[in-house]
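# Architecture at a glance
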Amino acid sequence: MGNNTTEARRPLSPHFQIYRPMLTMMMSIAHRISGASLAIGFVLLAWWLIAVSSGPDAFTTVNSFFASIIGRLVLFLFSWALIHHMLGGIRHLIWDTGHGLDKTSIEIFAWGTIIGSTALTLLAWVTGYWLRSAA
Amino acid sequence: MATPLAKVRGLGAAHRGTETFWRQRMTAVANIPLVIFLILSIVTHIGADYEPVRAYLARPLVALAMLALVISASIHMRIGLKEIIEDYVHGQGAKVAALLLVSFFAIGVGLACTLALVKISLGS
């Protein structure tokens with residue numbers, strides 16, 4: 001390559017630690033974190049489906065974990081991450097159309113994702129428990 | 001912002017490049033109803049006995065939706081995880097290794113779920 005030093009001198013954009021933390025930036029990071037953590041959720045789904053396909057004994061083991069306090073907490077966080085990532089994704093789909101990119105809209109989207117994901121997760125669990133107690 | 005169509009038509013030297021973007025959006029749209037279905041399936045079956053859960057997953061429409069979710073989500077997950085690695089892992093060797101690992105993981109989990117669903121549906 002010879003004595004080409006252009007690459008080394010090329011200016012770098014500042015890393016995100018430089019910036020004052022902003023809500024929209026945190027939501028962007030949260031979208032990545034929720035997405036990556038859903039990989040763990042996918043393993044849990046596989047574990048559950050394999051257990052059901054393997055028969056009653058395997059199912060009992062997995063089911064006792066998911067029915068425990070820790071298991072329920074993990075599932076609650078999983079469903080929250082799913083809904084959070086889903087709302088964040090819908091926000092991205094809207095942006096793909098070229099709409100909602102102004103400062104006011106992105107703030108509304110950020111708060112909408114936080115409040116919406118929490119509310120919808122709670123609603124899903126309350127509905128689930130209500131349906132099960134009614135059945 | 002807007003790219004002139006004439007430039008896009010050629011798609012540059014590689015003559016391709018938007019498939020991943022489009023696939024991620026397509027699976028994202030598909031995942032919306034499927035994820036709602038998954039969450040409702042979870043919250044209505046926590047702590048339920050074996051037979052009701054097996055019978056539920058063996059119902060054709062439930063199995064179909066679950067299979068669609070597994071396929072769509074594993075494609076979406078593979079693209080997403082690859083993107084994270086491409087952004088943060090810079091060493092050439094480590095990057096290639098991580099990309100392979102992530103692809104094998106996504107395909108493996110997707111296949112495992114598919115096999116389980118097929119087994120449940122066929123009742124074996």
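Structure: above.
Calculation criteria
- Residues numbered from 1 in each chain as written.
- Chains lettered and ligands numbered in written order.
- Predicted model: local features only at pLDDT ≥ 70, side-chain atom pairs only at ≥ 80, totals over all residues.
- Helix = DSSP H or I, 4+ residues; strand = E, 2+ residues; numbered from the N terminus.
- Contact = placed C-beta atoms within 7 Å.
- Rg over C-alpha atoms; globule rule 2.2 N^0.38 Å.
- Buried ≥ 20, exposed ≤ 12 C-beta atoms within 10 Å, placed from the backbone.
- Core = buried A, V, L, I, M, F, W, Y, C linked by C-beta atoms within 7 Å.
- Nonpolar A, V, L, I, M, F, W, Y, C, P; charged D, E, K, R; others polar.
- Axes fitted to C-alpha atoms, helices over the stretch in contact; angles between N-to-C directions.
- Parallel < 35°, antiparallel > 145°, perpendicular 65-115°, else oblique.
- Left-handed = near helix turned anticlockwise from the far one by under 90°.
- Expected span 1.5 Å × (residues − 1).
- Arc of directions from axis to C-beta.

This part takes up the overall build of chain B. What chain B contains, in helices and strands, is 5 helices and 0 strands. Restricting the contact set of chain B to residue pairs at least 6 apart, pairs at least 24 apart contribute 75%.

Check the secondary structure of chain A and you find 5 helices and 0 strands. Each helix and strand of chain A, placed in order from N terminus to C terminus, yields the pattern α-α-α-α-α. Computed over C-alpha atoms, the radius of gyration of chain A comes to 21 Å, more than 25% over the 14 Å expected from 2.2 N^0.38 for 135 residues, which places it beyond the range of a compact globule. For chain A, the residues scored as buried account for 27% of the 135 residues in total.

Time to look at the environment of B:Leu111. Within the secondary structure, B:Leu111 is located in helix H5 (residues 92-122). Linking B:Leu111 and B:Val70, residues 41 residues apart in sequence, is a C-alpha distance of 8.6 Å.

Looking now at the nonpolar core. Counting 40 residues, the largest nonpolar core has A:Leu49, A:Val52, A:Leu82 and B:Cys113 as the members making the most contacts within it. Within the residue set of this core, elements represented by two or more residues are helix H2 (23-54), helix H3 (56-67) and helix H4 (69-96) of chain A together with helix H2 (19-43), helix H4 (60-88) and H5 of chain B. Leave out the neighbours within four places in its chain, and A:Leu82 touches A:Leu38, A:Gly41, B:Val35 and B:Ile39.

Moving on to the interface of chain A and chain B. Between chain A and chain B, the contact holds 32 residues from the first and 27 residues from the second. Elements represented by at least two residues in the side of chain A that touches chain B include exactly H2, H3, H4 and helix H5 (103-134) of chain A. The leading source of residues in the side of chain A that touches chain B is H2(A), at 13 residues. Here the side of chain A that touches chain B is composed, by residue class, of 21 nonpolar, 7 polar and 4 charged.

All names here are of chain A. The geometry of H2 relative to H4 is characterised by a closest axis approach of 8 Å and an angle of 135 degrees between their N-to-C directions. The pairing of H2 with H4 is recorded here as oblique in orientation. Along this stretch, H2 crosses H4, giving a crossing that reads as left-handed. Between H2 and H4, the residues in contact are Met-27, Ala-30, His-31, Ser-34, Gly-35, Ser-37, Leu-38, Gly-41 and Leu-44 and Phe-78, Ala-81, Leu-82, His-84, His-85 and Gly-88, respectively.

Under the 1.5 Å per step criterion, the end-to-end length of H3(A) is 15 Å for 12 residues, consistent within 8% with the ideal 16 Å. By the burial criterion, the buried members of H3(A) are A:Phe59, A:Asn63 and A:Phe66. The arc that holds every buried residue of H3(A), seen down its axis, measures 60 degrees, which confines them to one face. Facing away from the buried side of H3(A) by over 90 degrees, the exposed positions are A:Asp57, A:Thr61 and A:Ser64. In this fold, the buried residues of H3(A) make contact with H2 and H4 of chain A together with helix H3 (50-58) of chain B.

Tracing the backbone through its elements, the reader meets A:Ile90 in helix H4. Judged by the 17 C-beta atoms lying within 10 Å of it, A:Ile90 falls in the partly exposed class.

Another point: the packing of H5(A) against H2(B). In a packed pair of helices, the relevant descriptors are the angle between the two axes and the axis-to-axis distance. Orientation of H5(A) relative to H2(B), taken along the N-to-C sense of each, is 45 degrees, at an axis distance of 8 Å. For the element pair H5(A) / H2(B), the angle class is oblique. For the element pair H5(A) and H2(B), the recorded crossing hand is right-handed. Seen from H5(A), the contacting residues are A:Ala124, A:Trp125, A:Thr127 and A:Gly128; seen from H2(B), they are B:Ile39, B:Leu40 and B:Val43. Class assignment of the residues belonging to the contact of H5(A) with H2(B) gives a composition of 5 nonpolar, 2 polar and no charged.

Such coordinate-based values are descriptive only and should not be taken to indicate function.
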